[in-house]
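# Reading the structure
Here are the chains, one letter per residue:
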Amino acid sequence: MTNAEPLPTLLIIPTGIGCNVGGYAGDAIPAARLLASASGCLITHPNVMNGGSLYWPDNCIQYVEGYSLNLFASGEVFLKPVRQQKVGLLLDAGLESDLKKRHLQVADGCVASLGLDIGPVMTTEKAIQINLKKGMSGSSWGNIEEPDVLLRAAEKLKQAGATAIAVVTRFPDESDELETKLYRQGHGVDIIAGVEAVISHFLVKHLLIPCAHAPGLAPLPIDYDLDPRTSGEEIGYTFLQSVLVGLSRAPDLIYKSEMKVKENTLFQVNTFLSNRDLGAVVVPQGALGGEAVLSCIERFIPLIIVSNQGVLNVSSTKMRLDSLSGNRDKNILYAENYIEAAGLITALRHAINVKSLRRPIDCLKQLNDE
């Protein structure tokens, strides 16, 4: 069999909902690598790929922030793969001098050791001030007290030539000691993840360039009961490394309206990715209510629902997906884990009828004229 064309696949594991896979420090990276290999083109978001001090660049993976991912899935934004972004670094004035220096050293190290294009660097005019909160569902969220301060600094970075922005804000230390302890031991929700998404969504909405966030926190004392899934956040002074690596190759975001230009300038349109190119979307059972997932369901894009427990319970049953008929029903697939999901993607990519792989195989039914 000849190599099949890539099957662009969307992998979503929502932030701050405590999924068994993807609820911790980059613990979904192995799943992403597997799905990227199966599909030949994986589109996913920072929650999946950010591993604190650990990261894994892959030419088959497109690193797309969650808000822009929603715009992409709905058809409002195209993705344009790039060789390299110029990553501006935005630092919160609330960072202490030593903590600020640690983040600058990470950026210098990424230039010297990884060859990334980083800069300019800017510090906000005053502290941003982050509040951490938890919803009734158990998911994490929060708010920014000084959003205008954050946005002004980000706009200056863009005007100075940054094509992507990594932002570091000072987060409160030990806002909930019990919650932090549970998370470090693999039993809780990442209490800071929800507001991280708020920050990046806010910046992308206003700037429409790739943005991602790394929290500024004081180092925690060593924990001898640490869950391996949180280790990427424990072995360094900052979480910035994986953010800079991800943003360095994040695709440009092109509004659909920008594509409506004269025909003689559209010769590069085949280098863009649109939602029409999507061959599958992979999402945890219980997290099916997101905007990107709903857009894919509406467009009959095959939905692979993976058993990956989190605190949300927006399931296929509650969404009544099991009662769909016709083409929609054929596009709903289930997987016990991401290994099975990779098998389903491989079947779709190579045009193998999934029914032919299951037993028993039902006989074909003949249509009768009524």
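Refer to the structure above for everything that follows.
Here's what I pulled together on the structure shown here. (Residues numbered from 1 in each chain as written. Predicted model: local features only at pLDDT ≥ 70, side-chain atom pairs only at ≥ 80, totals over all residues. Heavy atoms only, no water.)

Tracing the sequence through the fold places Met-259 in helix α9 (residues 256–259). When its relative accessible area of 12% is taken as the criterion, Met-259 is described as buried. Remark: the alpha-carbon pair of Met-259 and Leu-79, spanning 180 residues in sequence, is separated by 12 Å. (Helix = DSSP H or I, 4+ residues; strand = E, 2+ residues; numbered from the N terminus. Buried < 20%, exposed > 50% of the residue type's maximum accessible area, 1.4 Å probe, protein only.)

With their axes 7 Å apart at the nearest point, helix α3 (residues 66–74) and helix α7 (residues 193–207) run at an angle of 55° to one another. When the axes of α3 and α7 are compared, the pair comes out oblique. Along its contact with α3, which presents Gly-66, Tyr-67 and Ser-68, the element α7 presents His-201, Val-204 and Lys-205. A per-class count over the contact of α3 with α7 returns two nonpolar, three polar and one charged. (Axes fitted to C-alpha atoms, helices over the stretch in contact; angles between N-to-C directions. Parallel < 35°, antiparallel > 145°, perpendicular 65-115°, else oblique. Contact = heavy atoms within 4.5 Å. Nonpolar A, V, L, I, M, F, W, Y, C, P; charged D, E, K, R; others polar.)

By the definition in use, this model includes zero aromatic pairs. Here the basic side chain of Arg-33 rests over the ring of Trp-56, its NZ or CZ set 3.8 Å away from the ring centre. Positioned above the aromatic ring of Tyr-237 is the side chain of Arg-102, whose terminal nitrogen or guanidinium carbon lies 3.6 Å from the ring centre. (Phe/Tyr/Trp six-rings, centres within 6.5 Å; stacked < 30°, edge-to-face > 60°. Lys NZ or Arg CZ within 6 Å of the ring centre and 35° of its normal.)

This next bit is on α7. Residues spaced three or four apart along an α-helix face the same direction, because each turn holds 3.6 residues. Compared with an ideal rise of 1.5 Å per residue, which puts 15 residues at 21 Å, α7 spans 21 Å between its outermost C-alpha atoms and is within 8% of the ideal. The buried fraction of α7 is high, at 11 of 15 residues. Where α7 terminates, the next one or two residues include Leu-208, which has phi positive at roughly 50°. (Expected span 1.5 Å × (residues − 1).)

Another point: the pairing of strand β12 (residues 280–284). Note on strand geometry: in a regular strand, side chains alternate between the two faces of the sheet. The buried count for β12 comes to five of five residues, which makes it a mostly enclosed element. Burial along β12 is two-sided: the residues Ala-280, Val-282 and Pro-284 and Val-281 and Val-283 are all buried. Looking at chain direction, strand β1 (residues 9–11) and β12 are connected through three bridges and run parallel. Directly across from Thr-9, in β12, lies its bridge partner Ala-280. For β12 and strand β13 (residues 303–306), the ladder comprises four bridges, and the chain directions are parallel. Within β13, the residue paired with Pro-284 across the bridge is Val-306. Between the parallel elements β12 and β13, the chain passes through helix α10 (residues 291–298) in a crossover that is right-handed. (Pairing = 2+ DSSP bridges. Right-handed = clockwise from strand over helix to strand, strands pointing away.)

Here we take up the sheet that holds strand β5 (residues 87–91). To summarise the sheet geometry, strands pair through backbone hydrogen bonds and adopt either a parallel or an antiparallel arrangement. Strands sit in the order β6-β5-β9-β10 across an open sheet of four strands; the sheet is parallel. Among the strands making up the open sheet, the edge pair consists of β6 (118–123) and β10 (211–216). The sheet shows a mean angle of 20° between the axes of neighbouring strands, direction not considered. Inspection of the sheet shows β5 paired to strand β9 (residues 164–170) by five bridges, in the parallel sense. By the bridge assignment for β9, Gly-88 is matched with Ile-165. Strands in contact with helix α4 (residues 97–114) are β5, β6, β9 and β10; relative to β5, the strand with the most contacts, it is inclined by about 170°.

Before going further, it helps to examine the pairing of strand β8 (residues 140–144). Here β8 shows a buried face lined by Ser-140, Gly-142 and Ile-144 and an unburied face lined by Trp-141 and Asn-143. Sheet topology places strand β7 (residues 130–134) next to β8; five bridges connect them, and they run antiparallel. Bridging across to β8, Asn-131 finds its partner in Asn-143. Here β7 folds back onto β8 in antiparallel fashion, the turn holding five residues, of which Gly-138 has a positive phi close to 105°.

What follows concerns the pattern of salt bridges. Overall, the coordinates contain eight salt bridges when judged by the stated rule. Glu-146 is paired through a salt bridge with Lys-126; the nearest N and O atoms lie 3.6 Å apart. In this pair, Glu-146 sits in the loop between β8 and α5 (147–159) while Lys-126 sits in the loop between β6 and β7, placing the two residues 20 residues apart along the sequence. Glu-146 sits in the partly exposed class, given a relative accessible area of 21%. Residue classification places Lys-126 among the partly exposed residues on the basis of a relative accessible area of 40%. Put simply, Arg-229 and Asp-227 hold a salt bridge, and the shortest N to O gap is 3.0 Å. Where salt bridges share partners, they join Glu-96, Arg-170 and Asp-173 into one cluster. (Salt bridge = Lys/Arg side-chain N within 4 Å of Asp/Glu carboxyl O.)

Tallying each qualifying case throughout the model produces zero disulfides. Here Cys-60 is not cross-linked by a disulfide; its sulfur's nearest cysteine counterpart is in Cys-41, at 7.5 Å. A residue is classified by how much of its surface remains accessible, and Cys-60, at 31% relative accessible area, is partly exposed. (Disulfide = S-S within 2.5 Å.)

Let us now look at the packing of α3 against α10. Running from amino to carboxyl end, α3 crosses α10 at an angle of 10°, the nearest separation of the two axes being 8 Å. With respect to α10, the axis of α3 lies roughly parallel. Listed contacts from α10 to Leu-69, Asn-70, Ala-73 and Ser-74 of α3 are Glu-291, Ala-292, Ser-295 and Cys-296. Classifying every residue of the contact of α3 with α10 gives four nonpolar, three polar and one charged.

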